[in-house]
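As a plain string of letters, each chain reads:
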Amino acid sequence: MHISTDPWTWIGVILTLCILSFLYRDNRFYRFAEHLALGLANAWTLAFTFHRVLMPYLIQPVGAAFKSLAADGPSWSLLSPNSNANFLALLPAFIGCLYFMRFVPARAWLVRIPIGIFMGYYTGVSIPAQFDGVVFPQLKGTIVTPASFEGSMTQGIWAVLVLIGVLGTLTYFFFSREHKGPLKWAAKTGIIYIMIGFGASFGFTVMARISLAIGRFYFLLRDWLGIIS
Amino acid sequence: MKLEKLVKLDRRIIFLTMAAAIIFPLVFPFELPMTMQKTTRGLWQVIEGADPTKQGVILSCDYGPQTEAENQPMAVAVIRHCFARRVPVLLASMYVETTPLSNRALEEVAAEFNARATTNADSLIYGRDYVNLGWVPPPIVPMLQMGSSISGVYRVDWDGRDTSTLPLLQRVKNYSDVAIVVSISGGSLPMSYVAIVQPRFGIKVGAGVTAVMAPDFYPYFETGQFSGMLAGMKGAAEYEDAIAEKYGLKETRRAMAGMGAQSAAHLLIMAFVILGNIGYFLTRRKP
């Protein structure tokens, strides 16, 4: 056993114990650690964004562009996005600043401009991506063909089971007609698949939560107490 | 019936028992037989097949401290495998909170290898063999821009150095020089690589995901969209085991160390579920 003398380890230990104290009941130590984590995360994001995003992508190129303008006069290169000194960065910065118009009631409508650009961009990227990357490949993966049995018979049987599961589950969520006759049996098959899915998800969730607990105990026993080598 | 008390058992007793079930195997470790799942093997094979002279591996670390216990051993294992084969590693983080964690993993493994190195060629040198690209928001921008120029979107690295001067980025310029993008994530970000990046650039994508997320990602492995996947701490342990076996690298293996505790905790939970159900049914029988 070799207890750590590193103050950062001790801070980590104290905060870990504060959070774990919630398992007994809600208390001030837990709330302190929770608020501290939130505050630190926000401060970290702000500071990192300033130094690693605003500085290299906005302040430095625009600053360099002003210097270049003062020294050499106007030039087309100051409007080139590939140049280290350019004024173009001011355009997205200006559009981004329009978010703050939310605080000026008379001009609050201006906030729609950055929101519109943001939504338009993401919609344009996401819709084809969902079809190309998710819907079509998954649909293709569900279709059973003679090729599904080429690798091995077991692989083919799994492919058939997946197909039955997909059709059964879709039938279970088909509410436009009463589940009677073949529809009833298809829906029943679907609910069995759904329950197996829930069971697997729960099992994985338990595994994940235990892993997190192991991570904390590993830290306490190894880094702090030095019990584990 | 005493078993009926199980349904009213104080949850703090369960927590204490669980803590004991975790601590005991950590302090007195035992090794369990480990077989590599095909999801883990898929990732292993792609990195084994990478050409170290021409290709790099982009390791996209996209997790926070809350899933560090599961994701960090994955990052360490993948970096260790790449370095064992001298495949350059380009570390990127799509979430800001990951940057110090992933940087620690990179530095830790580089230090391991450099401690054994005897010559400059043996050593792992920042900028030549590995680089930490840092963080550029929002994720969609670097994900797409890396297809044309990595140093174009990451102008400065984690330490604020100009990336265009780094030798590695003059060699590995975009996705066409990359063997695989491995997204180690506590959320659904690997899906963005599959949906947005893969159809456009045809790059191989691997994932390292928490056990909670794993069931959502299995269908994408089955269709071949993910070349490989590390599912939870078990996936990381399998990877650590494979590296130890093939390359004899038996340094800190956090996931392997946790496997005994994981098994003990699972057995305890199964016992609680069975006993809880027995108690429940006995209660129901009473009028």
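Residues numbered from 1 in each chain as written. Chains lettered and ligands numbered in written order. Predicted model: local features only at pLDDT ≥ 70, side-chain atom pairs only at ≥ 80, totals over all residues.

Participant: Could you give me a rundown of the overall build of chain B, with the residues and numbers involved?
Facilitator: When its secondary structure is counted, chain B shows eleven helices and six strands. Seen through its C-alpha atoms, chain B measures out along the principal axes to roughly 75 × 40 × 35 Å. By residue count, 50% of the 287 residues in chain B fall in the buried class. In chain B, 73% of the contacts between residues at least 6 apart in sequence involve partners at least 24 apart. (Helix = DSSP H or I, 4+ residues; strand = E, 2+ residues; numbered from the N terminus. Buried ≥ 20, exposed ≤ 12 C-beta atoms within 10 Å, placed from the backbone. Contact = placed C-beta atoms within 7 Å.)

Participant: Help me get a handle on the interface of chain A and chain B, residues and values and all.
Facilitator: In this complex, chain A contributes 36 residues to the contact, which on the side of chain B involves 41 residues. Elements supplying a minimum of two residues to the side of chain A that touches chain B: α2 (28-72), α4 (112-142) and α6 (182-224) of chain A. Element by element, the count of residues in the side of chain A that touches chain B is highest for α6 of chain A, at 16 residues. Among the residues forming the side of chain A that touches chain B, the class breakdown is 25 nonpolar, nine polar and two charged. (Nonpolar A, V, L, I, M, F, W, Y, C, P; charged D, E, K, R; others polar.)

Participant: Before we move on, could you go through the domain arrangement of chain B and cite the residues and values that matter?
Facilitator: Residue and element names in this part refer to chain B. Domain parsing of chain B yields domain 1 (1-30 + 256-287) and domain 2 (34-252). The C-alpha centroid of domain 2 is placed 37 Å from the C-alpha centroid of domain 1. With four residues of domain 1 at the contact, the number on the domain 2 side is four residues. Residues belonging to the side of domain 1 that touches domain 2 are distributed by class as follows: two nonpolar, two polar and no charged. (Domains from an automatic or database assignment.)

Participant: Could you give an account of the pairing of strand β6 (residues 226-231) of chain B, with specific residues and numbers?
Facilitator: Residue and element names in this part refer to chain B. For β6, the buried fraction is high: six of the six residues fall into the buried class. Note: strand β5 (residues 205-209) against β6, five bridges, orientation parallel. From the neighbouring strand, A207 faces β6, where its bridge partner is M229. Traced from β5 through helix α9 (residues 214-222) to β6, the parallel crossover comes out right-handed. (Pairing = 2+ DSSP bridges. Right-handed = clockwise from strand over helix to strand, strands pointing away.)

Participant: Give me the lowdown on the sheet that holds strand β4 (residues 178-185) of chain B, citing residues and values where you can.
Facilitator: All names here are of chain B. Spatially, the six strands line up as an open sheet ordered β3-β2-β1-β4-β5-β6, and their pairing is parallel. In this open sheet, the two strands that pair with only one neighbour each are β3 (130-135) and β6. Looking at each pair of strands side by side, their axes are set apart by 15 degrees on average, direction ignored. The strands that helix α3 (residues 68-84) touches are β1 (56-62), β2 (89-93), β4, β5 and β6; relative to β1, the one it contacts most, it runs at about 170 degrees. (Axes fitted to C-alpha atoms, helices over the stretch in contact; angles between N-to-C directions.)

Participant: Residue-level account of helix α1 (residues 11-27) of chain B, with values.
Facilitator: Between its first and last C-alpha atoms α1 of chain B spans 24 Å; for 17 residues at 1.5 Å apiece the expected length is 24 Å, and the two agree. For α1 of chain B, the complete set of buried residues consists of A21, I22, P25 and L26 of chain B. Along the axis of α1 of chain B, the buried positions cluster into a sector of 125 degrees, meaning they face one direction only. Opposite the buried face of α1 of chain B, at more than 90 degrees from it, the exposed residues are R12, I13, L16 and A20 of chain B. Looking at the buried residues of α1 of chain B, the elements they touch are α6 of chain A together with α11 (254-285) of chain B. (Expected span 1.5 Å × (residues − 1). Arc of directions from axis to C-beta.)

Participant: Lay out the nonpolar core with the relevant residues and their values.
Facilitator: Counting residues in hydrophobic clusters, the biggest one holds 98 residues, and the most contacted among them are V57, L59, I79 and L90 of chain B. Once residues lying within four places of it in the same chain are set aside, the contact partners of V57 of chain B are I47, A50, C82, V87, V89, V178, A179, I180 and V182 of chain B. (Core = buried A, V, L, I, M, F, W, Y, C linked by C-beta atoms within 7 Å.)

Participant: Could you give an account of unusual backbone geometry, naming the residues involved and the relevant values?
Facilitator: All names here are of chain B. In this model, P137 is joined to P138 through a cis peptide bond whose omega is -15 degrees. In this fold, P138 is placed in the loop between β3 and α5 (140-145). A positive phi angle, close to 60 degrees, is found at R86, a residue other than glycine.

Participant: Can you tell me about the packing of helix α1 (residues 7-20) of chain A against α2 of chain A, naming the residues and giving the values?
Facilitator: All names here are of chain A. At a closest axis distance of 7 Å, the pairing of α1 and α2 adopts a crossing angle of 120 degrees. It follows from the interaxial angle that α1 and α2 lie oblique. Between α1 and α2 lies a crossing of left-handed hand. Between α1 and α2, the contacting residues are L15, C18 and I19 on the first element and F29, Y30, F32 and A33 on the second. (Parallel < 35°, antiparallel > 145°, perpendicular 65-115°, else oblique. Left-handed = near helix turned anticlockwise from the far one by under 90°.)

Participant: Go over the domain arrangement of chain A, please, and point to the residues and values.
Facilitator: All names here are of chain A. When the domains of chain A are assigned, the result is domain 1 (1-75), domain 2 (89-142) and domain 3 (146-229). A straight line from the C-alpha centre of domain 1 to that of domain 3 covers 38 Å. Every contact between the two is made by eight residues of domain 1 and, on the other side, eight residues of domain 3. Of the residues in the side of domain 1 that touches domain 3, the class split is three nonpolar, five polar and no charged.

Participant: Which residues make up the pairing of β3 of chain B, and what values do they have?
Facilitator: Residue and element names in this part refer to chain B. Of all six residues making up β3, six are buried, and the element is well covered by its neighbours. Here five bridges tie β2 to β3, and the two strands are oriented parallel to one another. Bridged to S93 within β3 is W135. The parallel pair β2 and β3, bridged by helix α4 (residues 99-116), forms a crossover whose chirality is right-handed.

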